[in-house]
Amino acid sequence: MTINPSLRPARSSKSSEALKKYGSLLIPVLICVGVALVIWQVLCMGPESKMPGPIKVIEQTWKLILDPFYDNGGTDKGLGLQILISLQRVALGYSIAAVVGVALGVLLGVSQFMQRGLDPIVQVLRTVPPLAWLPISLGIFQDNNPAAIFVIFVTAIWPIVINTAVGVQQIPQDYNNVAKVLKLSGKEYFFSILVPSTVPYVFGGLRIGIGLAWLAIVAAEMLKAEGGIGFKIWDAYNAGNEDSMSQIIICVLLVGLVGLALDRFVGWLGSRITSDH
């Protein structure tokens, strides 16, 4: 029996499949965000409410949203420039923490002597809150910018150290036996066995570290900094204007979105490098 081609179901095109895929991802997000905004708006509709609803927040910060890169000199800058100032500090402090943390983690992983000696120090220092380091760093550097970078460094380094050390310790013994049989040099062992085996652990620590670094910079800038998104939040609070709360809310939302983007970027980078190994 011959089937009429016109009666056959049409093959779904790639564009329709992509539309279905992204639609299944975006629709739940849009619905949940919409419900959250409605609940927020309803809760803030009372005349005694100190918290502005989302509609009022947008109305009072519309100019800030439309012009994120204005610069009136000094610390009077748009939200985009304030975020860039914070990101520059995070990039420097986090990069130093990543290099030092991975090196220290490898040292702790390969040397039982260093592990026993340094582990108590790491366990104590990693529990110190970021803001507790700020007075110490200000006393050392006598300048807000390097003090903030130091706070980022000392906050982000510990999960990188710990995860890297765990990754080195989890290298299968069979790999080490093969390295001994093949008489691999230190350089060959490092690039052929140690690095591929520890990359997932290292990026796990780097991902935790970037989140802590972003938390630390906002907190440090709120207390002592010239410029940055944390400074912008504290400056809006001190201004005490009618739209101060709306400015703070839009800054907090922006901080969350940038933190999410940083986390996803490090996770994506780790997945790409891990897949290469």
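These lines cover the structure that appears in this document, whether it is placed above or below. (Residues numbered from 1 in each chain as written. Predicted model: local features only at pLDDT ≥ 70, side-chain atom pairs only at ≥ 80, totals over all residues. Heavy atoms only, no water.)

**Focus: the pattern of salt bridges**
So, point 1. According to the stated counting rule, one finds four salt bridges in the structure shown.
So, point 2. A salt bridge links D71 to K77; the nearest nitrogen and oxygen atoms lie 3.2 Å apart.
So, point 3. Looking at D71, the relative accessible area reads 47%, which means it is partly exposed.
So, point 4. Close ionic contact of D263 with R264 constitutes a salt bridge, the shortest N to O distance being 2.9 Å. (Salt bridge = Lys/Arg side-chain N within 4 Å of Asp/Glu carboxyl O. Buried < 20%, exposed > 50% of the residue type's maximum accessible area, 1.4 Å probe, protein only.)

**What about the state of the cysteines?**
So, point 1. What the rule picks out here adds up to zero disulfides.
So, point 2. Of all cysteine sulfurs in the structure, the one in C251 sits closest to C44, which takes part in no disulfide; the separation is 17 Å.
So, point 3. Relative accessible area serves as the criterion here: at 1%, C251 is assigned to the buried category. (Disulfide = S-S within 2.5 Å.)

**Comments concerning the layout of surface pockets**
So, point 1. Taken as a whole, the largest pocket holds about 270 Å³ of empty space.
So, point 2. Every residue lining the largest pocket is counted, 18 residues in all, and those nearest its centre are K50, M51, P52, K56 and M245.
So, point 3. Those elements giving two or more residues to the lining of the largest pocket turn out to be helix 2 (54-66) and helix 10 (244-276).
So, point 4. Here the element with the most residues in the lining of the largest pocket is helix 10; it accounts for four residues.
So, point 5. Class assignment of the residues belonging to the lining of the largest pocket gives a composition of seven nonpolar, eight polar and three charged. (1 Å grid on protein atoms, 1.4 Å probe; cavity = no way out; pocket = protein on both sides within 12 Å on 5 of 7 lines; lining within 4 Å. Points joined across faces, edges and corners; volume = space filled by probe spheres on them. Helix = DSSP H or I, 4+ residues; strand = E, 2+ residues; numbered from the N terminus. Nonpolar A, V, L, I, M, F, W, Y, C, P; charged D, E, K, R; others polar.)

**Examining a nonpolar patch on the surface**
So, point 1. Together, I27, I31, V35, I39 and L43 give the surface a local cluster of nonpolar side chains, amounting to about 500 Å² of exposed area.
So, point 2. Looking at I27, the relative accessible area reads 49%, which means it is partly exposed. (Patch = residues over 30% accessible without salt bridge, like charges linked within 9 Å, V, L, I, M, F, W, Y side chains within 5 Å. Areas by Shrake-Rupley, 256 points an atom, 1.4 Å probe, with all protein chains shown as cover.)

**Focus on the environment of S271**
So, point 1. Its place among the elements puts S271 in helix 10.
So, point 2. Expressed as a C-alpha distance, the spacing of S271 and G46, which sit 225 residues apart in the sequence, is 47 Å.

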